[in-house]
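These are the residues of each chain, in order.
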Amino acid sequence: MNLDDVYSEIIIENSRSAKNRRKLANPTHSLLGVNPSCGDEIILELEVEGGVIKDAAFSGDGCAISQASTSIMIDLIKGAKMEKAGELVELFLAMIQRRESDDSLLEPLEDALAFKNVANMPARVKCAVLPWRTLEKEID
Ligand code: ZN
């Protein structure tokens, strides 16, 4: 199994996973993200306290790439400070836009590295960045 297969598997598994797909009881932020070019729509909920993302979850519909990207992003930002989440967003966008390709620098992205090759599929880039752009708007 080559690395591309491993990455495809990470995306498929996460797109089907229900673990981050729920409603928060006390969200402090409810963020809508829409990608009309594919029909992806997500609602990202955060519970932020003292600058820390205590909990995060999402609901919505869309293609495997958008849904997997959202779930993986939630795994990464849960428990993180908002500034740290902002750094991860910047790193993810740098990877997708090919401004950064050094794997050692991209390491903090963990499973989100699976989207590296989406940079070669312009039509899918908007799907992959949807949750990250949605979060970025809130952090800015
Ligand atoms: Zn999509």
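On a predicted model such as this, the values are computed, not experimentally measured, just so you know. Here the residue index of a chain counts from 1 through its sequence in written order. Local features are withheld for residues below a pLDDT of 70 in this predicted model, meaning they are given only at 70 or higher, and side-chain atom pairs are given and counted only at 80 or more; totals for whole chains, interfaces and linings count all residues. Side-chain calculation: all heavy atoms of the structure are included, whereas hydrogens and water are not.

1. Here we look at the overall build of the protein
For the protein, the helix and strand inventory stands at five helices and three strands. Under the DSSP-based scheme used, a helix requires at least four consecutive residues in state H or I and a strand at least two consecutive residues in state E, with every element numbered from the N terminus. Overall, the protein shows an N-to-C arrangement of helices and strands of α-β-β-β-α-α-α-α. A globule of 140 residues ought to have a C-alpha radius of gyration of about 14 Å, and the protein, at 14 Å, matches this closely. For the protein, the spread of C-alpha atoms along the principal axes amounts to about 40 × 30 × 25 Å. C-alpha atoms define the radius of gyration in this analysis, and the globule rule sets the expected value at 2.2 Å times the number of residues to the power 0.38.

2. Some details on the coordination of the zinc ion
Looking at the zinc ion, the protein donor atoms are C38 (SG), D40 (OD), D40 (OD), C63 (SG) and C127 (SG), and they sit 2.2 to 2.7 Å from it. The exposure class assigned to D40 is buried, which follows from its relative accessible area of 1%. Three exposure classes are used, based on accessible area relative to the maximum for each residue type with a 1.4 Å probe and protein chains only: buried under 20%, partly exposed in between, and exposed over 50%. C63 gets classed as buried once you look at its relative accessible area, which sits at 15%. Only nitrogen, oxygen and sulfur atoms qualify as donors, and only when within 2.8 Å of the metal (3.2 Å in the case of Na, K and Ca); with water excluded, sites may look incomplete.

3. What to know about the side chain of N20
As for its placement among the helices and strands, N20 is situated in the loop between α1 (3–16) and β1 (29–35). With relative accessibility at 1%, the residue N20 sits in the buried group. In this structure N20 touches A57, F58, S71, I74, D75 and K78, once residues within four positions along its chain are discounted. Only heavy atoms matter for contacts: two residues are in contact if any of them lie within 4.5 Å across the pair.

4. Concerning helix α2 (residues 64–77)
Here a helix's expected span is defined as the number of its residues, less one, multiplied by 1.5 Å. Helix length check: α2 (14 residues) gives 20 Å between terminal C-alpha atoms against 20 Å at 1.5 Å per residue, within 8%. Counting buried positions over the 14 residues of α2 gives 12, a clear majority of the element. Of all the residues in α2, the buried ones are I65, S66, Q67, A68, S69, T70, S71, I72, M73, I74, L76 and I77. Of the surrounding elements, those touching the buried residues of α2 are α1, β2 (40–49), β3 (52–61), α3 (82–96) and α5 (122–139).

5. Some points on the environment of P131
By the secondary structure assignment, P131 is in helix α5. With 21 residues separating them in the primary sequence, P131 and E110 have C-alpha atoms 16 Å apart.

6. Some thoughts on the sheet that holds β3
What makes two strands pair is DSSP finding at least two bridges between them. Spatial strand order, β1-β2-β3: three strands in an open sheet with antiparallel pairing. Looking at the sheet topology across the chains shown, the edges are occupied by β1 and β3. On average, adjacent strands in this sheet sit at an angle of 20° to one another, irrespective of strand direction. Here an axis means a line fitted to C-alpha atoms, over the contact stretch when the element is a helix, while the angle between two N-to-C directions is reported on a 0 to 180 degree scale. Seen against the sheet, α2 touches β2 and β3 and runs at an angle of roughly 170° to β3.

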